[in-house]
Amino acid sequence: MTDAERALLKNSIDQVVDLEFSDGNRLLAQILFVFDEGDTPDVFYLKVSPGPDGTFVPEGGSGYSVLLSDITSVHPRQS
């Protein structure tokens, strides 16, 4: 992840972004919190999918976290 992508992630609280991970997986995520300090900086998010009316719908009822080092790229997503 570039410095610009890291800044995008931090500025995307409550917004949806496209995350790509080091294992090649991608998903749409609504960013809840970015912790970019200490030994294990990470991000907390909800997995979302596009809804029929152009909004995003959460998948499941719980959130996820992933280490920032496991994210290879971040792209903005428009509803």
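Residues numbered from 1 in each chain as written. Predicted model: local features only at pLDDT ≥ 70, side-chain atom pairs only at ≥ 80, totals over all residues. Heavy atoms only, no water.

Visitor: Is there a simple way to explain the nonpolar core in this structure?
Guide: Side chains of nonpolar character tend, in soluble globular proteins, to be buried together. In this structure, Leu9, Leu19, Phe21, Ile31, Val43, Tyr45 and Ile71 are the most contacted members of the largest nonpolar core, which totals 14 residues. Counting residues per element, the ones that place at least two in this core are β1 (16-21), β2 (26-35), β3 (42-50) and β6 (71-76). The element best represented in this core is β2, accounting for four residues. If we skip the residues at most four places from it in the chain, Leu19 touches Leu9, Asn25, Arg26, Leu27, Ala29, Ile71, Ser73 and Val74. (Core = buried A, V, L, I, M, F, W, Y, C linked by side-chain atoms within 4.5 Å. Buried < 20%, exposed > 50% of the residue type's maximum accessible area, 1.4 Å probe, protein only. Helix = DSSP H or I, 4+ residues; strand = E, 2+ residues; numbered from the N terminus. Contact = heavy atoms within 4.5 Å.)

Visitor: Looking at this structure, I do not really get the side chain of Ser12. What am I missing?
Guide: You can see Ser12 is positioned in the loop between α1 (3-10) and β1. Other than its neighbours up to four places away in sequence, Ser12 contacts Val17 and Ile31.

Visitor: How do you make sense of the packing of aromatic side chains when you look at a structure like this?
Guide: Aromatic ring pairs are described here by two measures, namely the spacing of the ring centres and the angle between the planes. Tallied over the full model, the rule gives two aromatic pairs. Relative to Phe44, the ring of Phe33 has its centre 6.2 Å away and its plane inclined at 45°; by these criteria the two rings are tilted. In this pair, Phe33 sits in strand β2 while Phe44 sits in strand β3, placing the two residues 11 residues apart along the sequence. With centroids separated by 5.7 Å and ring planes inclined at 25°, the aromatic side chains of Tyr45 and Tyr64 adopt a geometry described as stacked. Here Tyr45 is found in strand β3, whereas its partner Tyr64 is found in strand β5 (residues 64-67), with 19 residues between them in sequence. (Phe/Tyr/Trp six-rings, centres within 6.5 Å; stacked < 30°, edge-to-face > 60°.)

Visitor: I keep staring at unusual backbone geometry and nothing clicks. Help me out?
Guide: Note: most residues except glycine have negative phi, and most peptide bonds are trans. Phi angles above zero are rare outside glycine, and Asp14 is one such case at about 70°. Here Asp14 lies in the loop between α1 and β1.

Visitor: Is there a simple way to explain the confidence of the model for the protein chain in this structure?
Guide: One rule of thumb: low pLDDT means the predicted coordinates there are not for detailed reading. Taken as a whole, the protein chain shows an average pLDDT of 94; of its residues, 97% reach a score of 70 or greater. The secondary-structure element of the protein chain with the lowest mean pLDDT is strand β4 (residues 56-58), recorded at 94, while β1 shows the highest, at 97. (pLDDT = per-residue confidence, 0-100.)

Visitor: Can you walk me through the pattern of salt bridges in this structure?
Guide: If the charged atoms of two oppositely charged side chains come close together, the side chains can form a pair. One pass over the full model with this rule turns up four salt bridges. When the shortest N-O distance is used, the salt bridge between Asp36 and Lys10 registers 2.8 Å. Here Asp36, found in the loop between β2 and β3, pairs with Lys10, found in helix α1; they are 26 residues apart in sequence, far enough to count as distant. A residue is classified by how much of its surface remains accessible, and Asp36, at 25% relative accessible area, is partly exposed. Across the salt bridge formed by Glu20 and Arg26, the nearest N and O atoms sit 3.7 Å from each other. Accessibility expressed as a relative area gives 24% for Glu20, which makes it partly exposed. (Salt bridge = Lys/Arg side-chain N within 4 Å of Asp/Glu carboxyl O.)

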